[in-house]
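Structural overview
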Amino acid sequence: MPENSTPAVRLLAPSQVAEILGVGVDEVIALVMDGRLRGMRVGAPAQWRGEEASISTYLDDQAEEARRIALWHQSQTASFPELWGTGIVRNPD
């Protein structure tokens, strides 16, 4: 019998996702609707569920965005000599 290589998808209730992310349930639904978290409506009556795997992807995306914003802010305070590698460094680390 062949093995099923597709990993099982674990679905979480919006309240569980909200607890993990530290946001409200409405924010979780908005993130799913915006496509920033993977989720779906399942059952009868239909209820929202979020994919557990998409939470780590979302958190990784948020961390990368924060890193880029921090680099942007650092570049705004850097002097041209710092950026080009010559001259006096105003704000040494």
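Residues numbered from 1 in each chain as written. Predicted model: local features only at pLDDT ≥ 70, side-chain atom pairs only at ≥ 80, totals over all residues. Heavy atoms only, no water.

1. Concerning the sheet that holds strand E2 (residues 39-42)
Our working rule: Two strands qualify as a pair provided that DSSP identifies no fewer than 2 bridges between them. In this text, helices come from DSSP runs of H or I with a minimum length of four residues, and strands from runs of E with a minimum of two, each type numbered from the N-terminal end.
Strand order in the open sheet made by the three strands is E1-E3-E2, with antiparallel pairing throughout. Each edge of the open sheet is held by one strand with a lone partner, namely strand E1 (11-12) and E2. Looking at chain direction, E2 and strand E3 (residues 47-51) are connected through four bridges and run antiparallel. Residue pairing in the sheet places glycine 39 in a bridge with glycine 50 of E3.

2. Structural notes on helix H2 (residues 25-34)
Inclusion rule: Burial classes follow relative accessibility: with a 1.4 Å probe on protein chains only, a residue under 20% of its type's maximum area counts as buried, one over 50% as exposed, and anything between as partly exposed. Taking the helix axis as origin, the arc is that swept by the directions to the C-beta atoms.
For H2, the full list of buried residues reads Val28, Ile29, Leu31 and Val32. The buried side chains of H2 occupy one side of the element, clustering within an arc of 160 degrees when seen end-on. Relative to its buried face, H2 has exposed residues pointing more than 90 degrees away, namely Asp26, Met33 and Asp34. Once H2 finishes, glycine 35 follows within two positions and takes phi at roughly 85 degrees, a positive value.

3. Quick look at the side chain of serine 54
Tracing the backbone through its elements, the reader meets serine 54 in helix H3 (residues 52-77). Overall, serine 54 belongs to the buried group, its relative accessible area being 4%.

4. Section: the nonpolar core
Side chains that are nonpolar tend, in soluble globular proteins, to be buried together. Selection rule: By convention a nonpolar core is built from buried Ala, Val, Leu, Ile, Met, Phe, Trp, Tyr and Cys residues, the set being connected through side-chain atoms within 4.5 Å. Throughout, a residue-residue contact means that at least one pair of heavy atoms, one from each residue, lies within 4.5 Å.
The biggest cluster of nonpolar side chains holds ten residues, and these are Leu12, Val17, Ala18, Leu21, Val28, Leu31, Val32, Leu37, Ile55 and Tyr58. Other than its neighbours up to four places away in sequence, leucine 12 contacts Val17, Ile20, Trp48, Arg49, Gly50, Glu52 and Ile55.

5. Concerning the pairing of E3
Moving residue by residue along a regular strand, the side chains alternate between the two faces of the sheet. Where E1 lies against E3, two bridges are found, and the strand directions are antiparallel. Residue leucine 12 lies in a different strand from E3, and its bridge partner there is glycine 50. Connecting the antiparallel pair E2 and E3 is a turn made up of four residues, with glycine 43 showing a positive phi of about 85 degrees.

6. Things to note about a nonpolar patch on the surface
The line we're drawing: Residues qualify for a patch when their relative accessible area is over 30% and they have no salt bridge, like charges being joined within 9 Å and the nonpolar side chains of Val, Leu, Ile, Met, Phe, Trp and Tyr within 5 Å. Per-residue accessibility takes into account occlusion by the displayed protein chains alone, with areas from the Shrake-Rupley method and a 1.4 Å probe. We count a salt bridge whenever a side-chain nitrogen from Lys or Arg sits within 4 Å of a carboxyl oxygen from Asp or Glu.
Together, Val9, Leu11, Met40 and Val42 give the surface a local cluster of nonpolar side chains, amounting to about 290 Å² of exposed area. As for its position among the elements, methionine 40 is in strand E2. A residue is classified by how much of its surface remains accessible, and methionine 40, at 32% relative accessible area, is partly exposed.

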